[in-house]
Amino acid sequence: MKDIIAHGDNINVLLARYGVKFGIYKNGTFHEQLFPFDPIPRVITAEDFDYLERGLKQRVDALNLFLADVYSQKNIIRDGIVPEDFVFSSSGYLPECEGITPPAGIYSHISGIDLVQAKDGTWYVLEDNLRIPSGASYPLIARDLERKASPLAFREYPVRDNRDYAALLKETMDNVNLGGINVILTPGRYNAAFFEHSYLAEKTDSVLAMPNDLFVQDCKLYYRNDHGQKQRVGAVYRRQSDEFLDPCTFRADSLIGVPNLMAAYRAGNVAIINAPGNGVADDKGIYYFVPKMIRYYLHEEPILNNAPTYLPMYEEDRNFVLENLERLVVKDVAEAGGYGVVFGNKMSEQELADWKALIQREPRRFIAQEVIDFRDLEIMDEGKRVMRKADLRAFVLSGAETRVWASGLTRFSRNPDSFIVNSSQGGGFKDTWVLSR
């Protein structure tokens, strides 16, 4: 491990050379920057991973059942488990997806579940990402560079090999492929995760396609190569938001979608990974109901804990939030990437008053949570070891069976006073070592 730490700067140089970056739009301008890598790995014991694996499979299975239900029979609404107006007022709920059953009945093929570990060792789920969760490529390529920096490290330590992610992803795509090639659809070079799109296409032997490379004919999706030849597409792993996916169904002004893609999908001629409409299940307000989903669909007690959460839509919760705002964290349910998150203990008296008024006016827009003092991990900062807050994005792949990748993206805050670890907020990442014994 000492060799890996000693080569941390060299690994970051190579990551930059290979284009391992992320981009963000700020004030209408695209900025691309390195996602800083820290060479001290996060280590997860075999016992901890076994526990996480059971809990993550259970959670994602329940979420897939919820999506299948909410776009068809709506039993969970009829039985009063999840309020009707809470589902249909979600910005992630898409009426256009009503009645569509995706191949094999799978909605979330690749789920990114964000967790933190409290200082007492308890794991908490903070968010479910079921639309286009990114980040698996970073620990993949980092591990490759770590192996070059210290070939003996992975013989000396019982670390599970993470190089199987590409095989897991390919199996997941093949499981729902309806005849044809697998395609990874990227919005283009200026997307924040373009590196990942191209990297995963190479690793899974899929075609990396731009929107204008694809077209629909006779309700089937085709890829046109550089020579003008067309190939049938059986599964498309799309990497753009729902609203831009098909200008004939969603936003008519989208230039990064494929016209009539939804018609081909609705006809059962192509699989879309992840399914359009998944946003209703990873709405931060719907998150509150996931433990109830597990009990309802699986008849099991939840293995993993939610962070203690309050819904201002409910009068009792709203009163509690208004009385205790100074010690809670408030999240806008429609935001992502660390945006729309505010901590009550950082607010002035006037800001607290303004936020209370806003929550009263728009209670469906927010959730409030107890602040979990989650574990700090060591990072290298200008040659010194310092402690910083870190979370874990676990990747769960749903195919013929539900599987949890024995790795994950550990993100950390570079600000000693911040709990927000997202790359868009200036955070960095580590490799995640899952021990085999």
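All of these numbers come straight from a predicted model, not from anything done at the bench.

How do you make sense of the sheet that holds strand β15 (residues 341-343) when you look at a structure like this?
Note: strands within a sheet are paired through backbone hydrogen bonds, in either parallel or antiparallel orientation. In spatial order, the strands read β13-β16-β14-β15; together these four strands make up an open sheet with antiparallel pairing. Single-partner strands in this sheet number two, and they are β13 (309-310) and β15. Judged from the three bridges that link them, strand β14 (residues 328-332) and β15 form a sheet pairing that is antiparallel. The partner of lysine 331 across the bridge, within β15, is valine 341. Each of β14, β15 and β16 (366-370) touches helix α14 (residues 349-361); the most contacted strand, β16, lies at about 125° to it.

In this structure, what is going on with helix α12 (residues 290-298)? I would like to understand it.
Side chains that are three or four residues apart share a direction in an α-helix, a result of its 3.6 residues per turn. Taken together, the buried positions of α12 are Val290, Pro291, Met293, Ile294 and Tyr297. Along the axis of α12, the buried positions cluster into a sector of 155°, meaning they face one direction only. Residues of α12 that are buried sit in contact with α3 (46-70), α4 (75-78), β5 (123-129) and β12 (305-306). Note on α12: the residue one or two positions beyond its end, histidine 299, has a positive phi of about 55°.

Help me out: how do you make sense of the environment of methionine 347 in this one?
Residue placement: methionine 347 occurs in the loop between β15 and α14. C-alpha separation for the pair methionine 347 and leucine 325, spaced 22 residues apart in sequence, amounts to 9.5 Å. Setting aside anything within four residues of it in sequence, one finds methionine 347 in contact with Val342, Leu352 and Trp355.

Looking at this structure, I do not really get the side chain of glutamate 146. What am I missing?
Structurally, glutamate 146 can be placed in helix α6 (residues 137-149). On the basis of relative accessible area, glutamate 146 is assigned to the buried category, the value being 0%. Filtering out sequence-adjacent residues up to four positions away, glutamate 146 remains in contact with Ile4, Ile11, Phe37, Pro39, Phe154, Asp431 and Trp433.

I would appreciate a short explanation of the layout of surface pockets in the present structure.
Gaps left between atoms are located by rolling a probe of water-molecule size over the structure's atoms. Estimated volume of the second largest pocket: approximately 390 Å³. Residue lining of the second largest pocket: 18 residues in total, with Phe37, Asp38, Met380, Asp381 and Glu382 positioned closest to the centre. For the lining of the second largest pocket, the elements supplying multiple residues, two or more each, are α1 (2-6), α2 (8-17), β3 (37-44) and β17 (376-381). When its residues are assigned to classes, the lining of the second largest pocket shows nine nonpolar, three polar and six charged.

Explain the pairing of strand β10 (residues 230-238) here, please?
In regular strands, side chains alternate between the two faces of the sheet. Bridging between strand β6 (residues 181-185) and β10 involves five bridges; their strand directions are parallel. Counterpart to leucine 185 in the pairing with β10 is arginine 238. In terms of strand pairing, strand β9 (residues 220-224) meets β10 through three bridges, oriented antiparallel. Bridge pairing in β10 links tyrosine 223 to glutamine 231. Direction of pairing for β10 relative to strand β11 (residues 271-273): parallel, over a ladder of three bridges. Paired with valine 236 across the strands is isoleucine 272, a residue of β11. In this fold, β10 hands off to helix α10 (residues 261-266), which returns the chain to β11; that crossover is right-handed.

For this particular structure, what's the right way to read α2?
For α2, every residue scored as buried is listed here: Gly8, Ile11, Asn12 and Leu15. Down the axis of α2, the smallest arc covering the buried residues is 100°, so these residues share one side. Among the exposed residues of α2, those pointing more than 90 degrees away from its buried face are Asp9 and Arg17. Note on α2: the residue one or two positions beyond its end, glycine 19, has a positive phi of about 80°.

What counts, and at which threshold
- Residues numbered from 1 in each chain as written.
- Predicted model: local features only at pLDDT ≥ 70, side-chain atom pairs only at ≥ 80, totals over all residues.
- Heavy atoms only, no water.
- Pairing = 2+ DSSP bridges.
- Helix = DSSP H or I, 4+ residues; strand = E, 2+ residues; numbered from the N terminus.
- Contact = heavy atoms within 4.5 Å.
- Axes fitted to C-alpha atoms, helices over the stretch in contact; angles between N-to-C directions.
- Buried < 20%, exposed > 50% of the residue type's maximum accessible area, 1.4 Å probe, protein only.
- Arc of directions from axis to C-beta.
- 1 Å grid on protein atoms, 1.4 Å probe; cavity = no way out; pocket = protein on both sides within 12 Å on 5 of 7 lines; lining within 4 Å.
- Points joined across faces, edges and corners; volume = space filled by probe spheres on them.
- Nonpolar A, V, L, I, M, F, W, Y, C, P; charged D, E, K, R; others polar.
- Right-handed = clockwise from strand over helix to strand, strands pointing away.

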